[in-house]
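If you want the building blocks of each chain, they are given just below.
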Amino acid sequence: MKLSPSAEKAIQMLEKAGFEAYAVGGCVRDALLGIKPCDFDITTSALPEETKAVFKNERTIETGLKHGTFLILQRVRKGTYRFSAFRSLIWC
């Protein structure tokens, strides 16, 4: 699947920090249907606090922090990134 350059960079930033990260959800569906995704759901092995540290210079919105989910709004791009920790990290 071809990701947008900004989504690819977000995943690379997490990987560089030592975490796993994958695009999931609607962006994958849209890409398979030939539709350009405008937002990206990314699941990661990083806990929310760790993900926020990787993106410390970006604006975050805590949409579902108790479930391990929050948004990052980057300054120079369209759409949003929704980051979620792997469910096993949150519910164990």
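Computed from a prediction, not measured in an experiment: that's the story for all the values here. Position numbers for residues count from 1 along each chain, tracking the sequence in the order it is written. Per-residue local features of the predicted model are confined to residues with pLDDT of at least 70, and side-chain atom pairs are confined, for both listing and counting, to 80 or more; whole-chain, interface and lining totals are unaffected and use all residues. Neither water nor hydrogens contribute to the side-chain values; these are computed over all heavy atoms in the structure.

**Looking at the environment of Lys36**
Threshold: A run of DSSP states H or I qualifies as a helix once it reaches four residues; a run of E qualifies as a strand once it reaches two. Both are numbered from the N-terminal end.
Position of Lys36 among the secondary structure elements: in the loop between α2 (26-32) and β2 (40-44). Through-space distance from the C-alpha of Lys36 to that of Leu3 is 9.3 Å; in sequence the pair is 33 residues apart.

**Observations concerning the sheet that holds strand β4 (residues 69-73)**
In sheet architecture, strand pairing relies on hydrogen bonds along the backbone and comes in two forms, parallel and antiparallel. Counted only if it meets this: Strand pairing requires that DSSP identify at least two bridges connecting the strands. Lines fitted to C-alpha atoms define the axes, with helix axes restricted to the stretch in contact, and inter-axis angles between N-to-C directions lie between 0 and 180 degrees.
The strand order β1-β2-β5-β4-β3 describes an open sheet built from five strands, whose pairing is mixed. The sheet is open, and its two edges are formed by β1 (21-24) and β3 (59-64), each paired on a single side. Within the sheet, the average angular offset between the axes of one strand and its neighbour, ignoring direction, is 30 degrees. Bridge count between β3 and β4: four bridges; the pairing is antiparallel.

**As for the packing of aromatic side chains**
Definition in use: Geometry of aromatic contacts follows a simple scheme: Phe, Tyr and Trp rings, the Trp one being its six-membered ring, pair when their centres are within 6.5 Å, and the pair is stacked under 30 degrees between planes, edge-to-face over 60, tilted otherwise.
By the definition in use, this model includes four aromatic pairs. The interplanar angle of 55 degrees and the centroid separation of 6.1 Å between the aromatic rings of Tyr81 and Phe83 together place this pair among those described as tilted. Cluster of aromatic residues (ring-pair linked, three or more members): Phe40, Phe55, Tyr81 and Phe83.

**Observations concerning the nonpolar core**
We count it as follows: Nonpolar core, defined: a set of buried Ala, Val, Leu, Ile, Met, Phe, Trp, Tyr and Cys residues in which side-chain atoms within 4.5 Å join the residues together. Each residue gets one of three labels from its accessible area relative to the maximum for its type: buried under 20%, exposed over 50%, partly exposed in between, using a 1.4 Å probe on protein chains only.
The biggest cluster of nonpolar side chains holds 16 residues, and the ones touching the most others in it are Ala10, Leu14, Phe40, Ile42, Phe55, Tyr81 and Phe83. Taken together, the elements giving at least two residues each to this core come down to α1 (5-16), β2, β4 and β5 (81-85). The greatest single-element share of this core, amounting to four residues, is contributed by α1.

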